[in-house]
Amino acid sequence: MPPAEAAATPVPFPLSRALLEAVLADRTSDRFVCELIWPRLGYEQNGSGSWSAGPATEASWRELFPREPQFIAERPPSVALTRSIPKQHKQLLKEQLGFGGYRIGELYPRRTRRATAVNWLLAHLAERGESLPDSGPLPELREQPADPVAGHPGDLPIS
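So, how was this worked out
- Residues numbered from 1 in each chain as written.
- Predicted model: local features only at pLDDT ≥ 70, side-chain atom pairs only at ≥ 80, totals over all residues.
- Heavy atoms only, no water.
- Axes fitted to C-alpha atoms, helices over the stretch in contact; angles between N-to-C directions.
- Helix = DSSP H or I, 4+ residues; strand = E, 2+ residues; numbered from the N terminus.
- Left-handed = near helix turned anticlockwise from the far one by under 90°.
- Contact = heavy atoms within 4.5 Å.
- Nonpolar A, V, L, I, M, F, W, Y, C, P; charged D, E, K, R; others polar.
- Buried < 20%, exposed > 50% of the residue type's maximum accessible area, 1.4 Å probe, protein only.
- Phe/Tyr/Trp six-rings, centres within 6.5 Å; stacked < 30°, edge-to-face > 60°.
- Salt bridge = Lys/Arg side-chain N within 4 Å of Asp/Glu carboxyl O.
- Arc of directions from axis to C-beta.

Novice: I tried to follow the packing of helix α5 (residues 75-83) against helix α7 (residues 109-127) on my own but got confused; where do I start?
Specialist: Two quantities define a packed helix pair, namely the angle between the helix axes and the distance between the axes. As a packed pair, α5 and α7 sit with axes 9 Å apart at the nearest point and diverge in direction by 35 degrees. In the crossing of α5 with α7, the sense of the turn from one axis to the other is left-handed. Residues Arg75, Ser78, Leu81 and Thr82 of α5 form the contact with α7, whose own contacting residues are Arg113, Thr116, Ala117 and Trp120. When its residues are assigned to classes, the contact of α5 with α7 shows three nonpolar, three polar and two charged.

This is the structure we're talking about:
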């Protein structure tokens, strides 16, 4: 039987092309996007619904963001995420998903930060030599928010 702490560590939601395209299309909550990244950075659920830096979290992340960084709602974590993508992986969004960016009328901080999150996830896979399957499990997909600035019900306000 595995140790008790291993049972508490969440297994990251499996990535797939379909999932990442749903994130880019704003069909998931902002929190779900963060939950794709947090465990891959070593953050762990602390039993109260929050996430905290764990032993596997790199020191730079642990020092800057001891608690769950809000990659979509807050600019500093999004900037840190962008800067953590190795230079050779900066174009994976375009190369692997054919994503050419959002149109002028679609340029909102929430959406550009989602693109950053997806690029980081692609870089994370590339750094590990893992491929991106075309399909896989998906959360319940939402309609795009009526107000893309405010996002989905329950999304944190953008700062």
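Novice: Could you clarify how one ought to interpret helix α3 (residues 30-37) in this entry?
Specialist: Every α-helix carries 3.6 residues per turn, so stepping three or four residues along brings you back to the same face. Most of α3 sits out of view: six of its eight residues are buried. For α3, the set of buried residues is Asp30, Phe32, Val33, Cys34, Leu36 and Ile37. In this fold, the buried residues of α3 make contact with α2 (17-24), α5 and α7.

Novice: Sorry if this is basic, but what is going on with the environment of Arg111 here?
Specialist: For Arg111, the position within the fold is in helix α7. Arg111 sits in the buried class, given a relative accessible area of 8%. For Arg111 and Leu24, which are 87 residues apart along the polypeptide, the C-alpha to C-alpha distance reads 7.1 Å. Residues within four places of Arg111 in sequence aside, it is in contact with Asp26, Tyr102, Glu106, Gln144 and Pro148.

Novice: Can you help me understand the packing of aromatic side chains in this one?
Specialist: Here the distance between the centres and the angle between the planes together describe a pair of aromatic rings. Going through the model one piece at a time under the given rule, you end up with four aromatic pairs. For the pair Trp38 and Trp51, a centre-to-centre distance of 5.4 Å together with 45 degrees between the ring planes defines the contact as tilted. Taken together, the residues span a long stretch of sequence, with Trp38 in the loop between α3 and β1 (43-45) and Trp51 in strand β2 (residues 51-53) at a distance of 13 residues. Assessed through its relative accessible area of 0%, Trp38 is described here as buried.

Novice: Please clarify how the pattern of salt bridges should be interpreted in this entry.
Specialist: If the charged atoms of two oppositely charged side chains come close together, the side chains can form a pair. The tally for this structure, following the rule as stated, stands at nine salt bridges. One salt bridge connects Arg110 with Asp155, and the closest N-O pair in it is separated by 3.5 Å. Taken together, the positions of Arg110 in helix α7 and Asp155 in the segment after α7 put the pair 45 residues apart, joining distant regions of the chain. The burial state of Arg110 is the same as that of Asp155; both residues are buried. Put simply, Asp26, Asp30, Arg110, Arg111, Arg114 and Asp155 are held in one network by salt bridges that share partners.

Novice: Whenever I open this one, α5 confuses me. Can you help?
Specialist: Looking only at α5, the buried set comprises Pro77, Ser78, Ala80 and Leu81. Seen from one end, α5 has its buried residues packed into an arc of 160 degrees, which puts them on one side. For α5, exposure combined with an orientation more than 90 degrees from the buried face picks out Arg75, Pro76 and Arg83. Close packing links the buried residues of α5 with α3, α4 (59-64) and α7.

The quantities given are spatial measurements derived from coordinates; they are silent on function.
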